[in-house]
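Single-letter residue listing:
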Amino acid sequence: MTAIKGGEFLIRQTKPEEIFIPEEWSEEEKMIAQTCREFIAQEVFPMVDKIDSMEDPSIMPTLLKKAGELGILSISIPTEYGGMGMDFKTSMLAAEAVGGGHSFSVAISAHSGIGTLPILYYGSEEQKQKYIPKLASGEWLGCYCLTEPSAGSDANSGKTKAVLEGDQWNLNGQKMWITNGGFADVFTVFAKIDNDETLSSFIVDKGSDGLTLNPEEKKMGIKGSSTRQVFFNDVKIPKNNQLSDRENGFKIALNILNVGRIKLAAATLGASKDVVTLSVNYANERQQFGRPISKYGAIRYKLGEMAMRTYALESAVYRISQNIQDRIEGLASEGMEKGKATLKGIEEYAAECAMMKVYGSEVLDYVTDEGVQIHGGMGYSAETIVEKAYRDSRINRIFEGTNEINRMLTVDMILKKAMKGELDLMAAAKSIQDELLSIPDFGDSDGGLFEEEYKLIEGFKKAVLMVAGSAAQKLMMELSKEQEILMNIADMAIDAYVAESIALRVHKRINTMGESGQEVYKAMAELFVHDAAERVHHNAKDALMSFGEGDELRMMLMGAKRFTKTGTKNVKVLRRTIAQKLIDDNAYKI
Amino acid sequence: MNILVCISKAPDTTSKITFKDGDTKFNEDGVQFIVNPYDEWYALVRALELKEANGGKVTIISVGTADYEPIMRKALAIGADEAFRVDSEASDAYQVAAEIANYISSNSFDLVLTGKETINYNGSQVGGMIAAIIDSPYASHATKLEVNGSTAMVERDKQGGVEVLELTLPAVISAAKGMAEQRIPNMRGIMAARSKPLTVVPASVTETLTETIKFSLPPAKGDVKLVDPENMTELINLLHNEAKAI
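Residues numbered from 1 in each chain as written. Chains lettered and ligands numbered in written order. Predicted model: local features only at pLDDT ≥ 70, side-chain atom pairs only at ≥ 80, totals over all residues. Heavy atoms only, no water.

J.: Just to check I follow, could you spell out the sheet that holds strand E7 (residues 82–87) of chain B for this structure?
T.: Whether parallel or antiparallel, the strands of a sheet pair through hydrogen bonds between backbone atoms. All names here are of chain B. Taken together, the 7 strands give an open sheet; going across it, the order is E9-E13-E8-E1-E6-E7-E14, and neighbouring strands pair in parallel fashion. Across the chains shown, the open sheet's two edge strands, defined by having one partner strand only, are strand E9 (138–142) and strand E14 (198–202). Neighbour-to-neighbour, the strand axes of the sheet open up by a mean angle of 20°, direction not taken into account. Contacting strand E1 (2–6), strand E6 (57–64), E7 and strand E8 (111–115), helix H3 (residues 93–105) crosses the sheet at an angle of about 140° to E6. Packed onto the sheet, helix H4 (residues 126–134) meets E1, E8, E9 and strand E13 (171–175) and runs at close to 180° relative to E13. (Pairing = 2+ DSSP bridges. Helix = DSSP H or I, 4+ residues; strand = E, 2+ residues; numbered from the N terminus. Axes fitted to C-alpha atoms, helices over the stretch in contact; angles between N-to-C directions. Contact = heavy atoms within 4.5 Å.)

J.: Would you mind showing me how to read the nonpolar core here?
T.: One recurring pattern in soluble globular proteins is that nonpolar side chains are buried together. In this structure, Phe104, Leu303 and Met356 of chain A together with Val5, Leu145 and Ile173 of chain B are the most contacted members of the largest nonpolar core, which totals 210 residues. It is helix H16 (residues 483–513) of chain A that contributes the most residues to this core, 16 residues altogether. Contacts of Leu145 of chain B, omitting those with residues within four sequence positions, involve Arg46, Leu50, Leu111, Leu113, Ala152, Met153, Val154, Ile173 and Met179 of chain B. Judged by nonpolar contacts, the second largest core, of 18 residues, contains Ala162, Ile193, Val230 and Val235 of chain A. (Core = buried A, V, L, I, M, F, W, Y, C linked by side-chain atoms within 4.5 Å. Buried < 20%, exposed > 50% of the residue type's maximum accessible area, 1.4 Å probe, protein only.)

J.: Can you walk me through the packing of aromatic side chains in this structure?
T.: Pairs of aromatic rings are described using the distance from one ring centre to the other and the angle between the two planes. Tallied over the entire structure, the rule returns 16 aromatic pairs over all chains. Between Phe84 of chain B and Tyr103 of chain B, the aromatic rings sit 4.9 Å apart at their centres with planes inclined by 40°, giving tilted as the arrangement. Here Phe84 of chain B is found in strand E7, whereas its partner Tyr103 of chain B is found in helix H3, with 19 residues between them in sequence. Measuring from ring centre to ring centre gives 6.0 Å for Tyr121 of chain B and Phe215 of chain B, while their planes differ by 25°; the resulting arrangement is stacked. Of this pair, Tyr121 of chain B sits in the loop between E8 and H4 while Phe215 of chain B sits in the loop between E14 and helix H6 (232–242), and the two are 94 residues apart along the sequence. A relative accessible area of 54% means that Tyr121 of chain B is categorised as exposed. Taken together, the ring pairs connect Phe20, Trp25 and Tyr318 of chain A into an aromatic cluster. Between the NZ or CZ atom of Lys89 of chain A and the centre of the ring of Phe20 of chain A, over which it lies, the distance is 4.1 Å. (Phe/Tyr/Trp six-rings, centres within 6.5 Å; stacked < 30°, edge-to-face > 60°. Lys NZ or Arg CZ within 6 Å of the ring centre and 35° of its normal.)

J.: Just to check I follow, could you spell out the sheet that holds strand E12 (residues 161–168) of chain B for this structure?
T.: Residue and element names in this part refer to chain B. An order of E10-E11-E12 is seen for the 3 strands of this open sheet, with the pairing classed as antiparallel. Two strands lie at the open edges of the sheet, namely strand E10 (144–148) and E12, each paired on one side alone. Pairs of neighbouring strands in the sheet enclose a mean axial angle of 20°, with direction left out of account. Here E10 runs beside strand E11 (residues 151–158); their pairing, made up of 5 bridges, is antiparallel. When the bridges of E11 are listed, Leu145 appears paired with Val154.

J.: Would you mind going over empty space enclosed by the protein with me for this structure?
T.: Here the idea is plain: a probe the size of a water molecule rolls over the atoms and shows the empty space left. Residues and elements named next belong to chain A. All told, the structure shown has 2 cavities of 30 Å³ or more when counted by the stated rule. If you add up the space inside the largest cavity, you get close to 160 Å³. What lines the largest cavity is a set of 16 residues, among which Ile414, Leu415, Leu425, Leu465 and Ala468 lie closest to the centre. Every element with two or more residues in the lining of the largest cavity is listed here: helix H13 (403–419), helix H14 (425–437), helix H15 (451–475) and H16. Looking at side-chain class alone, the lining of the largest cavity contains 14 nonpolar, 2 polar and no charged residues. In this structure, the second largest cavity occupies an estimated 30 Å³ of space. The wall of the second largest cavity is formed by Ala95, Val98, Gly99, Ser105, Ser109, Lys263, Leu264 and Ala267. Elements with a minimum of two residues in the lining of the second largest cavity: helix H5 (103–112) and helix H8 (249–285). The element best represented in the lining of the second largest cavity is H8, accounting for 3 residues. Looking at the lining of the second largest cavity residue by residue, the class counts come to 4 nonpolar, 3 polar and 1 charged. (1 Å grid on protein atoms, 1.4 Å probe; cavity = no way out; pocket = protein on both sides within 12 Å on 5 of 7 lines; lining within 4 Å. Points joined across faces, edges and corners; volume = space filled by probe spheres on them. Nonpolar A, V, L, I, M, F, W, Y, C, P; charged D, E, K, R; others polar.)

Structural data, given as structure tokens:
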């Protein structure tokens with residue numbers, strides 16, 4: 001069987017046995033995650049308020065160096081540069097395991113992601129030898145200077161300039177929101193050479209003359225994460241500190257962001273699990289009207305929903321991680337250099353990475369919001385961790401490309417693949433058109449596991465293809481300006497992908513472990529798909545009614561209804577079933 | 001210096017405890033197992049510190065079925081050099097001690113370390129039994145351990161003070177909190193654990209000295225009764241007649 005391509009999930013049915021599920025982690029992988037979690041619990045958590053107070057700015061770099069001593073910073077660095085050379089999926093698991101460390105999580109992921117990877121993937125051999133071993137060990141810490149006051153989502157509009165003067169580059173400009181800026185030793189800087197249209201990139205060492213920093217930004221959350229403005233006033237760096245080719249910087253920035261997005265999804269997963277545990281601990285302990293509040297349906301609803309979304313996120317994140325890893329290994333076995341293979345592998349699934357970034361950050365926002373609500377007044381007190389989690393969560397919808405940018409990218413990348421002929425979306429869209437004109441298929445029941453859910457998931461995909469196909473046909477190039485419609489399509493695609501991932505995961509679980517004791521897992525899959533149907537229908541209607549007309553519109557609205565038609569489900573019982581497991585375990589142990 | 005550390009597995013402290021087979025067996029379904037903290041944090045880490053200071057080798061031994069191997073790999077990841085698993089279901093303290101003693105008698109160790117107890121059954125018996133079988137000195141609940149040539153200096157807490165003991169090696173010592181500090185296994189250690197030897201030794205002991213008749217959970221916490229602070233008579237009445245505490 002050929003490997004699934006990026007975006008192909010929309011037109012291809014996947015079987016449970018084809019996906020990786022987190023139940024399959026090896027003992028060694030679990031141990032790696034455990035080391036990361038123990039580090040967070042023992043070294044980071046006792047300091048979490050001190051870190052956020054910023055009273056002692058040396059705490060964060062000290063902790064990063066300690067993480068470096070344990071090898072946590074070098075998990076995905078190749079062995080020839082002093083790293084552990086572990087595979088992509090393991091690096092995702094580690095990103096999840098440090099994800100619940102509040103400000104520290106941002107610092108560590110910025111260092112080992114955007115702070116290290118541009119040099120690892122695009123540096124010359126000399127640059128890699130010089131920087132990577134020290135970044136991998138934590139001896140040096142890294143940051144990434146892309147954003148400028150007037151260049152955020154439109155990153156390529158940056159004004160920072162680089163001019164070659166003899167054998168030195170002279171850099172001038174201003175960067176902002178630079179994570180780890182306060183203590184970084186190595187700055188990867190994006191700037192335009194002369195009057196270029198597109199960015200180039202450079203490596204600037206700390207202590208370079210003319211490199212200055214503004215004071216720490218005061219932020220809503222992740223208050224202990226160093227965030228600085230960085231100024232370049234006639235900063236002179238050696239000519240060979242140019243990173244990669246002229247005008248290749250924007251591509252580097254985008255490719256590194258692809259990696260950052262999927263890693264961010266893993267981090268939000270780790271943080272979500274922690275907040276679910278915090279919340280059920282509190283709900284079990286807090287008594288009102290003579291009973292723990294976890295005995296009340298209103299609280300159980302929240303717990304069930306929080307756990308279900310977290311589990312759905314996990315199912316999707318590791319499903320795509322395996323696809324990415326397979327692609328990387330495939331390219332490497334064909335002789336492609338490992339770094340390049342990694343970027344290419346991730347780029348293939350850039351749409352899925354963007355979807356996971358959006359979904360992960362929104363799951364965490366939901367989980368922290370309801371977490372605060374379960375804590376009641378205590379949740380509003382700055383004494384509680386859940387209050388911090390709530391504030392810290394918010395940035396995830398903004399950085400690594402806002403969720404709006406990522407939604408647009410999702411649709412854009414899938415449509416581009418279709419136009420390039422890599423994905424035959426047109427044939428699929430055409431067959432849906434034909435289906436709309438035919439008599440509805442009432443189908444024979446085969447009574448198999450998740451029969452209704454799989455039918456709905458197919459329906460979600462049809463809805464995406466119908467809306468995207470007709471919007472593209474009708475609006476042509478104007479579609480890219482109709483952002484509301486793009487948001488609808490992206491949301492439908494996310495629901496389709498996540499719904500399929502959770503159903504396949506639970507199916508595979510049951511296939512390997514047997515049916516007994518799987519009620520909670522089945523409940524999560526059924527609940528997700530059932531609720532997703534409403535959302536997909538709603539998004540499809542919104543989109544269709546904003547460009548469709550007449551009979552065609554009526555036909556497509558009928559189609560949207562048909563594709564998302566659910567049977568009856570007692571969702572109250574499903575949520576209670578899920579919540580009961582959390583309550584019994586007094587933790588997220590799903 | 002040749003050190004043997006006895007490693008036991010224990011349920012994670014947040015596990016939900018249930019029983020099976022007519023309440024005679026602990027139900028391991030869905031339970032996450034960890035290295036017994038006293039074995040890992042104190043006995044193993046102190047053994048590694050002694051090896052780092054004096055050279056030598058740290059071997060670990062467990063008595064258990066194949067499902068022990070993940071926790072043994074963790075001990076190897078933390079730094080032990082070699083592992084032996086006696087392939088037998090651990091039934092009681094004597095059987096475990098006798099298996100380990102058998103292994104020791106055909107090998108040679110300067111020091112045998114155990115945790116002061118395993119956090120599942122909390123028997124605190126295996127170390128003492130090993131010492132008795134192999135006829136060597138034994139100190140339990142050691143909070144500090146130094147080795148000087150062929151002598152071990154041990155400290156242990158006594159009510160209101162500290163007791164200092166001296167033992168001639170080879171000796172068996174059980175480790176309590178304070179002897180060392182937990183080490184988080186690093187990535188290199190985890191990767192190295194993959195290729196460290198873990199040898200399975202056939203069981204040689206069938207005899208047990210105890211039999212489990214029944215397990216039961218502690219009684220569930222009852223409801224809280226609030227008594228008006230002015231109403232001492234009712235408080236006394238409740239303490240006397242209901243709680244039977246006075």
